[in-house]
Amino acid sequence: MWNEFAMGTLLATQTEITPSDIDDAETAFATFLNCYYQKVYQRRRDRLAACTYTVHALSHVSQCMRWWGPLSITWQFASERFCGLVISRCKSRVYAAANIHELLKLRAALQAVSRTPNSGISLQNKSHLDDVHSGLLHTTKDLRFLPPKRLYDIQDDAEFDALRSTLAKQLQLRPEDVQIDDDMLSSMYRWDRMSLNGITIGSKSSRFSKRAISRENYFVRIRHQNQQRNTRYTYRDVYAEVFHYLEIKLFPGQPPLMLAYVQHYNVLLSSNLVEQRNPSGEAIYIDAATIRSLLARFRCHGRVRNRIVPRTWFIDRDRMYKTMKRVSGYHFGRVEVTDDSEDDTLKNKQLT
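Residues numbered from 1 in each chain as written. Predicted model: local features only at pLDDT ≥ 70, side-chain atom pairs only at ≥ 80, totals over all residues. Heavy atoms only, no water.

K.L.:
Mind laying out the nonpolar core, listing which residues take part and the relevant values?
P.N.:
If you look at soluble globular proteins, the nonpolar side chains tend to sit buried side by side. Core analysis: the biggest nonpolar cluster contains 27 residues, and Phe-145, Met-194, Ile-201, Ile-222, Tyr-245 and Ile-291 have the highest contact counts within it. Looking at this core, the elements with two or more residues in it are β2 (143–151), β3 (189–196), β5 (219–228), β6 (232–248), β7 (257–270) and β10 (291–304). Of the residues forming this core, the biggest block, five residues, is contributed by β6. The next biggest cluster of nonpolar side chains, apart from the first, holds 18 residues, and it includes Ala-162, Leu-163, Ile-248 and Tyr-285. (Core = buried A, V, L, I, M, F, W, Y, C linked by side-chain atoms within 4.5 Å. Buried < 20%, exposed > 50% of the residue type's maximum accessible area, 1.4 Å probe, protein only. Helix = DSSP H or I, 4+ residues; strand = E, 2+ residues; numbered from the N terminus.)

K.L.:
Help me get a handle on the side chain of Glu-159, residues and values and all.
P.N.:
When you line up the elements, Glu-159 lands in helix α8 (residues 157–171). Buried Glu-159, no salt bridge; nearest opposite-charge side chain is Arg-190, N-O distance 7.4 Å. Engagement of the side chain of Glu-159 in a polar contact is seen with the side chain of Tyr-285, the distance being 2.5 Å. Excluding residues that lie within four positions of it along the chain, Glu-159 makes contacts with Tyr-152, Ile-154, His-244, Tyr-261 and Tyr-285. (Lys, Arg positive; Asp, Glu negative; His and termini not counted. Salt bridge = Lys/Arg side-chain N within 4 Å of Asp/Glu carboxyl O. Polar contact = N/O pair within 3.5 Å; in protein donor to acceptor, adjacent residues only side chain to side chain. Contact = heavy atoms within 4.5 Å.)

K.L.:
Account for the pattern of salt bridges, with residues named and values stated.
P.N.:
Under the definition given, this model contains twelve salt bridges. In this structure, Asp-23 engages Arg-66 in a salt bridge whose closest nitrogen and oxygen atoms are separated by 2.9 Å. Taken together, the residues Asp-23 in helix α2 (residues 19–41) and Arg-66 in helix α4 (residues 61–68) connect sequence positions 43 residues apart. Arg-277 serves as the salt-bridge partner of Glu-275, at 3.8 Å between the closest nitrogen and oxygen. For Glu-275, a relative accessible area of 5% corresponds to the buried category. The exposure class assigned to Arg-277 is partly exposed, which follows from its relative accessible area of 39%.

K.L.:
Quick rundown of α4? Include the residues and the values.
P.N.:
Buried within α4 we find Val-61, Ser-62 and Met-65. Take α4 and look down its axis: the buried residues cluster within an arc of 100°, on one side only. Facing away from the buried surface of α4 by more than 90 degrees, the exposed residues are Trp-67 and Trp-68. Directly after α4, the chain includes Gly-69, whose backbone phi takes a positive value near 90°. (Arc of directions from axis to C-beta.)

K.L.:
How would you explain the pairing of β10 if you had to name every residue and give the values?
P.N.:
Taken together, the ten bridges between β10 and strand β11 (residues 307–316) define a ladder with antiparallel strand orientation. Each residue of the ladder has a partner; that of Leu-295, found in β11, is Asp-316. (Pairing = 2+ DSSP bridges.)

K.L.:
If you had to explain the environment of Ile-315 to someone new, which residues and values would you point to?
P.N.:
Structurally, Ile-315 can be placed in strand β11. In this structure Ile-315 comes out as partly exposed when scored by relative accessible area, which is 29%. Considering only alpha carbons, one finds Ile-315 and Leu-294, 21 residues apart in sequence, at a separation of 9.0 Å.

K.L.:
Quick one: what's the story with the confidence of the model for the protein, residue by residue and with numbers?
P.N.:
Across the protein, pLDDT averages 78, with 78% of residues at or above 70. Looking over the protein, one finds the lowest element-wise mean pLDDT in helix α12 (residues 341–351), namely 44, and the highest in strand β9 (residues 284–287), namely 93. With pLDDT under 50 throughout, residues 122–129 is counted as low confidence; its partners more than four residues away or in other chains account for four contacts. Contacts from residues 335–352, a stretch scored under 50 in pLDDT, to residues over four places away or in other chains number 28 contacts. (pLDDT = per-residue confidence, 0-100.)

K.L.:
Give a description of the packing of helix α1 (residues 2–12) against α2 that names residues and reports values.
P.N.:
At a closest axis distance of 8 Å, the pairing of α1 and α2 adopts a crossing angle of 150°. By the angle between their directions, the pair α1 and α2 is classed as roughly antiparallel. Both α1 and α2 take part in a crossing whose hand is left-handed. Across the interface between the two elements, Trp-2, Glu-4, Phe-5, Gly-8, Thr-9, Leu-11 and Ala-12 from α1 touch Asp-21, Asp-24, Ala-25, Ala-28, Phe-29, Thr-31 and Phe-32 from α2. Tallied by class, residues from the contact of α1 with α2 come to eight nonpolar, three polar and three charged. (Axes fitted to C-alpha atoms, helices over the stretch in contact; angles between N-to-C directions. Parallel < 35°, antiparallel > 145°, perpendicular 65-115°, else oblique. Left-handed = near helix turned anticlockwise from the far one by under 90°. Nonpolar A, V, L, I, M, F, W, Y, C, P; charged D, E, K, R; others polar.)

Here it is in structure tokens:
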């Protein structure tokens, strides 16, 4: 029942909708209301309080979308937020109108000053604008390294060997034949953050914000591609934490390599859930474009062989959304983990 409600809400709150979206939202809300009245209200007098006008309003959402388009055009969140701001400034009941007048004058003054050249005042998020203009953009994907960046001198021997192995694959050489000269060393920059399809993925070395560190937003899912006999492509998903990102220029006039220094983890798959186990092997460098999704982690205690032990689970948003679509009846067939269009293209080629 609640899956139907979630699916209808997801479709109804899109900023762009199609006629099929409206039909699907109408079906979802109708299914939800039917189950709600049967399981919650149950046509009983003592449960009449469950039939609120808000629940009934769901039956009119789709018709309103047919009349006026997306709900974002007509919803009142912006007006309610402004009314809350006005009320918070009314410190005096006697002079409430004067308080509101002063608030409106202040907002008008800020808007006028912000449009004045060289005013020194900007009402926009300056750090976000800096990220857009000074980041390093990938040539083929919606992927960008975000500042801060700094020249990087690799001091750890294990990390240096990992970089040499990655460059050997790029240059099609043996690792011992890779020569890292001074020009290549001077082109190395370490980045702390990456933006993938509009989602910021940090790293363990990031000091950009305390919130980013507390969220541990550096656990990712990576998709590796293996080619067998030049005809069949297989894919393998691995899970890792990101230490930092590295920009390195191999050849003049060509885009730099965008790498990520990561530590893989062993995982246990059970019932479409991914449980984190111990680190797997040494840290390695990978192509940043192989990162597919930012993961969250959930820690709890569970019983294993009659013992209570701490357990950590990865929460994969892509897998979660697709699973919900399937159980809601809007997706048929096998639920794939990835949303990558290039993977679908390869599969179509194989079928052809």
